[in-house]
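Residues per chain, in single letters:
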Amino acid sequence: MKHTTRSACLALSLSALTGAASAQVSTLPDALQLSCDNTLTQLDGPDLSLRCAGNLTLQGDITLQRSGSITLEAAQDLSLSGVSLVAPSITLTTIGGRLLLAPDVVLNSSGAITLNSP
């Protein structure tokens, strides 16, 4: 009985860990051309967060839509081209670089759009 209980607990623990990991699996469209020349941290789900420790570029004729927020952050330059971002909250941040938005970029938010650049 103890062995069965331990096995069930282990199975539940593994299931919880697997579920947590799968919640962060990318659902970004294949058509998105994403480039980060350093470490990229990505969280995806109702909220999308892409953080690059260098230059971050997103290109493609696509729409990224989330029910929560979209946060894009680059330690250097953040470049967007052909991308539409749709979310209740959108934040674009560069820490030590430039924010480069092509004329075909669309930012659509029912709430706040925050642009942070030095």
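My aim in this report is to walk through the structure given alongside it, one point at a time.

Cut-off values and rules
Residues numbered from 1 in each chain as written. Predicted model: local features only at pLDDT ≥ 70, side-chain atom pairs only at ≥ 80, totals over all residues. Heavy atoms only, no water. Helix = DSSP H or I, 4+ residues; strand = E, 2+ residues; numbered from the N terminus. Buried < 20%, exposed > 50% of the residue type's maximum accessible area, 1.4 Å probe, protein only. Contact = heavy atoms within 4.5 Å. Areas by Shrake-Rupley, 256 points an atom, 1.4 Å probe, with all protein chains shown as cover. Salt bridge = Lys/Arg side-chain N within 4 Å of Asp/Glu carboxyl O.

## Looking at the overall build of the protein chain
Part 1 of the argument: What the protein chain contains, in helices and strands, is one helix and ten strands.
Part 2 of the argument: The buried share of the protein chain, taken over its 118 residues, is 34%.
Part 3 of the argument: A sequence separation of at least 24 residues applies to 12% of the contacts in the protein chain between residues at least 6 apart.
Part 4 of the argument: Only carbon and sulfur atoms are counted for the fraction: they give 55% of the accessible area of the protein chain, which is about 6,800 Å².

## Quick word on the pattern of salt bridges
Part 1 of the argument: Applying the stated criterion across every chain yields a total of three salt bridges.
Part 2 of the argument: For aspartate 44, the salt bridge identified is with arginine 66, shortest N-O distance 3.0 Å. Pair noted here: aspartate 44 is in strand β2 (residues 40-44) and arginine 66 is in the loop between β4 (56-65) and β5 (69-74), with a separation of 22 residues, a long-range link.
Part 3 of the argument: In this structure aspartate 44 comes out as buried when scored by relative accessible area, which is 6%.
Part 4 of the argument: When its relative accessible area of 12% is taken as the criterion, arginine 66 is described as buried.
Part 5 of the argument: A salt bridge links glutamate 73 to arginine 51; the shortest N-O distance between them is 3.4 Å. Taken together, the residues glutamate 73 in strand β5 and arginine 51 in strand β3 (residues 48-52) connect sequence positions 22 residues apart.

The analysis is restricted to geometry; functional conclusions fall outside its scope.
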